[in-house]
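# Close look at the chain arrangement
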Amino acid sequence: MTRTTPPRPHAVLDAFPELAAHSATATRLHPRPGDPTVHDSSAGGPLLWPAGEPWPHCDEDTHYAHDPKRPEQVRRWRQLLDTAWRRTRRGERLRLSEAEQSELDGLDTTEPDESIEQPIAMLPVLQLYRRDVPGWLGPDTADLLQVLWCPLDHDDLEYCPRLELRWRRAADVGAVTTTPPEPAVLSEQYLPEPCVLHPEQVREYQYSGLLPKELAERVRAWEQEPTAPPRRYQYDLSIAPGWKLGGFASWHLTDPYPMDCTVCDEPMHLLLRIHGTEWDGGSGSWRPAEEDEQPGEFHSLEGPNSPTGITIGRGYGLWVFHCPTSFDHPHRTAVQ
């Protein structure tokens, strides 16, 4: 099923035509639960990984985990809760059988702290085939982007996962790894549920703090005028939420700060945003129109607003930047 972002609640270009010079196209990825294969674009799905290529591991000494768990432990916990939620009608207390509650109690354990002091196999986070994603941002020589991460916090990365990016030509892969290694332990919020993607291009406008000063002041004054619905440039008009490729970055958690390449000092461009939720809980203006067609009588553990089951920090986004000079230069990340 396609996902279609509703029209913006206000025609911001009618009020500020000069914003057209501060606009960009982003591709919302719209991950939703599914059963992707190595030949599909996906979030949390299997990767088209060459059988002869070593699987990346993270051996940094900056690992941190509050409650390290085993991957199979997290998956079983989610499976039990999801089954219970699917039989629970809205407004009812969660329907858990005695056997399910007993098994959940037994799963509520953590691994010893020493378990994170070892190389950790990275987890697949995202796979994008060029054919599936309008607005491809990769090198001309590649048609496949693969993103993996170490599913533990790193204290040198704002307590977020460490990412690995691989650009490939799918035709060069040949034999594919069928049983990639899994991490011995992980932080449960970094284990993504397998999702298929429904890419959709949308128009974005620059973060207000990076607009020309005079224009930003006029936008703020416009926001304060009493209207229904209220005008919210930051949340409803400028930058799309959720997983996306390209577009603009938001700096709502901190003031904007330089994001320059560590090799050539060139200002970097936004490549990707990874986020736990697909739209905000306020106006919900970015919620795809199709999500309202089948509201459903029952719950599910990960609804359409949290399809991948991941959480970055306290509900933040992980922004990934690339160097416009060379995709061989290291990426950088920011948490906002």
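Below or above, wherever it landed, is the structure these notes cover. (Residues numbered from 1 in each chain as written. Predicted model: local features only at pLDDT ≥ 70, side-chain atom pairs only at ≥ 80, totals over all residues. Heavy atoms only, no water.)

Looking now at the nonpolar core. The biggest cluster of nonpolar side chains holds 30 residues, and the ones touching the most others in it are L126, L128, W149 and I274. Those elements that place two or more of their residues in this core are β7 (123–129), β8 (144–154), β9 (160–168), β13 (269–275) and β14 (317–322). Contact partners of I274, with chain neighbours within four places excluded, come to V125, W149, L163, W243, I310, I312, G317 and L318. Grouped together as the second largest cluster of nonpolar side chains are 14 residues, A24, M259, C261 and M268 included. (Core = buried A, V, L, I, M, F, W, Y, C linked by side-chain atoms within 4.5 Å. Buried < 20%, exposed > 50% of the residue type's maximum accessible area, 1.4 Å probe, protein only. Helix = DSSP H or I, 4+ residues; strand = E, 2+ residues; numbered from the N terminus. Contact = heavy atoms within 4.5 Å.)

For the structure on display, the rule yields 8 aromatic pairs. Ring centres of W49 and W55 lie 4.9 Å apart, and the angle between their planes is 55°; on these two criteria the pair is classed as tilted. Note on W49: relative accessible area 0%, which makes it buried. Owing to a relative accessible area of 11%, W55 belongs among the buried residues under this scheme. Seen in terms of ring centroids, W167 and F327 are 5.1 Å apart; in terms of plane orientation they differ by 70°. Their pairing is edge-to-face. In this pair, W167 sits in strand β9 while F327 sits in the loop between β14 and β15 (332–335), placing the two residues 160 residues apart along the sequence. Taking the relative accessible area as the measure of exposure, W167 reaches 22% and is therefore partly exposed. (Phe/Tyr/Trp six-rings, centres within 6.5 Å; stacked < 30°, edge-to-face > 60°.)

Quick look at unusual backbone geometry now. The amide bond that connects A228 to the next residue, P229, takes the cis arrangement and shows omega of -5°. Along the chain, the position of P229 falls in the loop between α4 (213–223) and α5 (233–238). Of note in the backbone geometry, E158 takes a positive phi value of approximately 60° without being a glycine. Within the secondary structure layout, E158 lies in the loop between β8 and β9. A positive phi angle is found at D265, which is not glycine, with a value near 70°. When you line up the elements, D265 lands in the loop between β12 (244–246) and β13.

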